[in-house]
Amino acid sequence: MIRQKPTKKVEINFPTEPRKKKFVPIQKLMLAAQAKIGKSSVSMQLPKSFLIDLESGAERFEGMSINLETIRQSMEEVLKQAVTPLKAYFELVKQLKEAIRKKEVSYDFIILDNSTRLERLAKDYALLKYKATNMGKSFSGNDIYTLPNGAGYGLVREAFIELYYMLYGTYNKALILLSHIAYKSINLDGKEISVKDIQLSGKLKNIIAADMDAIGFMSRDESGLKNVISFVHESDAVALGSRAPHVADRSFVLSEGKDGVITKTNWDLIFPTLKN
């Protein structure tokens, strides 16, 4: 008879009474808005924030950012060969983690600008990974979305999540994903209406939205001087809201400006530790 070594028992303490509500900070935020509203510039006002610019638009704003295209061009000059944006992204994340490990840098907020550009990188990554498999090594196409039965869309979703998760652990307080707003038609009570939604394709939008602690839509007020962020779930906003009680179903001014200069932000309403 084979004697089994006694296993250690893990004691599970089951609750006997309701616990009191406690504050849980937002660690993953999606900020969505139409183009040119000011997502990037407002986000870069966060203290100790670092924006990863996939769209080549943040260099004109005050704050800390790195342009992916600049990294790609620099790599081409050094390596004397063509470098894809995907390879530049891998190098950026690799060196970012190395710098953090060596305590050369420390960021409270990592801002990824933006989800549409990341999905394009994910499409390239999914194709690269698929062609490296036995099933895909004979695939001669350049568009993974042409795979039968919509298989390419699932592969892009997996690639997007992998690229997105690479940034976990690179921030002290929160990861912020900037996104554009798209408009789509849905049937509501038998009527076709146009609604606001995140500009991501299909099921990917739902997966990323579910992973967020909060999703806020930012818009310009009538004066044109204030940006208002809303976490209020509305019938015309498919993905919107928060599981964090301190911003759930709230709408407030996030930034104020004049003559193109941001004069005030209220990020502490989303991240209360900034008040300290």
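Residues numbered from 1 in each chain as written. Predicted model: local features only at pLDDT ≥ 70, side-chain atom pairs only at ≥ 80, totals over all residues. Heavy atoms only, no water.

Q: Summarise the pattern of salt bridges; cite the residues concerned and give the values.
A: Under the defined criterion, the tally for this structure stands at six salt bridges. Across the pair Glu69 and Arg72 runs a salt bridge whose closest N-O atoms are separated by 2.7 Å. Of the two residues, Glu69 and Arg72 both sit in helix H2 (residues 68–79), three residues apart, roughly one turn of that helix. The salt bridge involving Arg243 is made with Asp213; its shortest N-O contact spans 3.3 Å. Here the residue Arg243 occupies a position in the loop between strand E9 (241–242) and strand E10 (251–258), and Asp213 occupies one in the loop between helix H6 (202–211) and strand E7 (214–220), the gap between them amounting to 30 residues. A residue is classified by how much of its surface remains accessible, and Arg243, at 52% relative accessible area, is exposed. For Asp213, a relative accessible area of 15% puts it in the buried group. Overlapping salt bridges, with partners in common, bring together Glu69, Arg72 and Glu76 in one network. (Salt bridge = Lys/Arg side-chain N within 4 Å of Asp/Glu carboxyl O. Helix = DSSP H or I, 4+ residues; strand = E, 2+ residues; numbered from the N terminus. Buried < 20%, exposed > 50% of the residue type's maximum accessible area, 1.4 Å probe, protein only.)

Q: Kindly report on the confidence of the model for the chain, identifying the contributing residues and their values.
A: Confidence in the prediction of the chain, expressed as mean pLDDT, is 90, and 91% of residues score 70 or more. Averaged pLDDT values for the elements of the chain fall to 66 in strand E6 (residues 191–198) and rise to 98 in helix H3 (residues 85–101). (pLDDT = per-residue confidence, 0-100.)

Q: Go over the side chain of Lys39, please, and point to the residues and values.
A: When you line up the elements, Lys39 lands in helix H1 (residues 39–43). In this structure, Lys39 is buried with no salt-bridge partner, the nearest side chain bearing the opposite charge being Asp113 at 6.1 Å. Side-chain polar atoms of Lys39 contact the backbone oxygen of Gln34, separated by 3.4 Å. A distance of 3.4 Å separates the side chain of Lys39 from the side chain of His180, its partner in a polar contact. When sequence neighbours within four positions are dropped, the list of residues in contact with Lys39 reads Leu31, Ala32, Ala33, Gln34, Leu178, Ser179, His180 and Met218. (Lys, Arg positive; Asp, Glu negative; His and termini not counted. Polar contact = N/O pair within 3.5 Å; in protein donor to acceptor, adjacent residues only side chain to side chain. Contact = heavy atoms within 4.5 Å.)

Q: Account for the packing of aromatic side chains, naming residues and giving values.
A: One pass over the structure, following the stated rule, counts 11 aromatic pairs. Seen from their ring centres, Phe231 and Phe252 are 6.2 Å apart, and the 40 degrees between their planes marks the pair as tilted. One end of the pair, Phe231, is in the loop between strand E8 (226–230) and E9; the other, Phe252, is in strand E10, and 21 residues separate them in sequence. As far as burial versus exposure is concerned, Phe231 and Phe252 are alike and both buried. Ring pairs connect the aromatic residues Tyr164, Tyr165, Tyr168 and Tyr171, which therefore count as one cluster. (Phe/Tyr/Trp six-rings, centres within 6.5 Å; stacked < 30°, edge-to-face > 60°.)

Q: Which residues make up helix H5 (residues 151–165), and what values do they have?
A: Spanning 15 residues, H5 covers 22 Å between terminal C-alpha atoms, matching the ideal 21 Å at 1.5 Å per step. For H5, the full list of buried residues reads Gly152, Gly154, Val156, Ala159, Phe160, Leu163 and Tyr164. (Expected span 1.5 Å × (residues − 1).)

Q: Go over H3 with me, naming the residues and quoting the values.
A: In an α-helix, one turn spans 3.6 residues; hence positions three or four apart end up facing the same way. With 17 residues, H3 extends 24 Å between its outermost C-alpha atoms, agreeing within 8% with the 24 Å of an ideal straight helix rising 1.5 Å per residue. Among all positions in H3, only Leu86, Ala88, Tyr89, Leu92, Val93, Leu96 and Ala99 are buried. When H3 is viewed along its axis, its buried side chains cluster within an angular range of 160 degrees and face the same direction. Packed against the buried residues of H3 are strand E2 (49–53), strand E3 (65–67), H2, strand E4 (109–113), helix H4 (115–131) and H5. (Arc of directions from axis to C-beta.)

Q: If you had to explain the nonpolar core to someone new, which residues and values would you point to?
A: Of all hydrophobic cores here, the largest spans 48 residues; its most connected members are Tyr89, Ile110, Leu118, Leu163, Leu167 and Ile208. Considering every element that reaches this core, the biggest residue donor is H4, with seven residues. If we ignore the near neighbours within four places in the chain, the residues touching Ile208 are Met30, Phe160, Ile161, Tyr164, Leu177 and Leu200. Ala58, Leu254, Trp267 and Ile270 belong to the second largest nonpolar core, which has 26 residues in total. (Core = buried A, V, L, I, M, F, W, Y, C linked by side-chain atoms within 4.5 Å.)

Q: So what's going on with the packing of H3 against H4? Which residues, and what values?
A: Put simply, H3 and H4 touch, their axes get as near as 9 Å, and they point 100 degrees apart. It follows from the interaxial angle that H3 and H4 lie roughly perpendicular. Seen from H3, the contacting residues are Pro85, Leu86, Tyr89 and Phe90; seen from H4, they are Leu118, Leu121, Asp124, Tyr125 and Leu128. Classifying every residue of the contact of H3 with H4 gives eight nonpolar, no polar and one charged. (Axes fitted to C-alpha atoms, helices over the stretch in contact; angles between N-to-C directions. Parallel < 35°, antiparallel > 145°, perpendicular 65-115°, else oblique. Nonpolar A, V, L, I, M, F, W, Y, C, P; charged D, E, K, R; others polar.)

Q: Give a description of unusual backbone geometry that names residues and reports values.
A: With an omega dihedral of 10 degrees, the bond running from Asp113 to Asn114 counts as a cis peptide bond. At Lys48, a position not held by glycine, the phi torsion is positive, near 55 degrees. Within the element layout of this structure, Lys48 appears in the loop between H1 and E2. The partly exposed category is assigned to Lys48, whose relative accessible area is 42%. A positive phi angle, near 55 degrees, is found at Asp259, a position not held by glycine. Given the relative accessible area of 73%, Asp259 is considered exposed.

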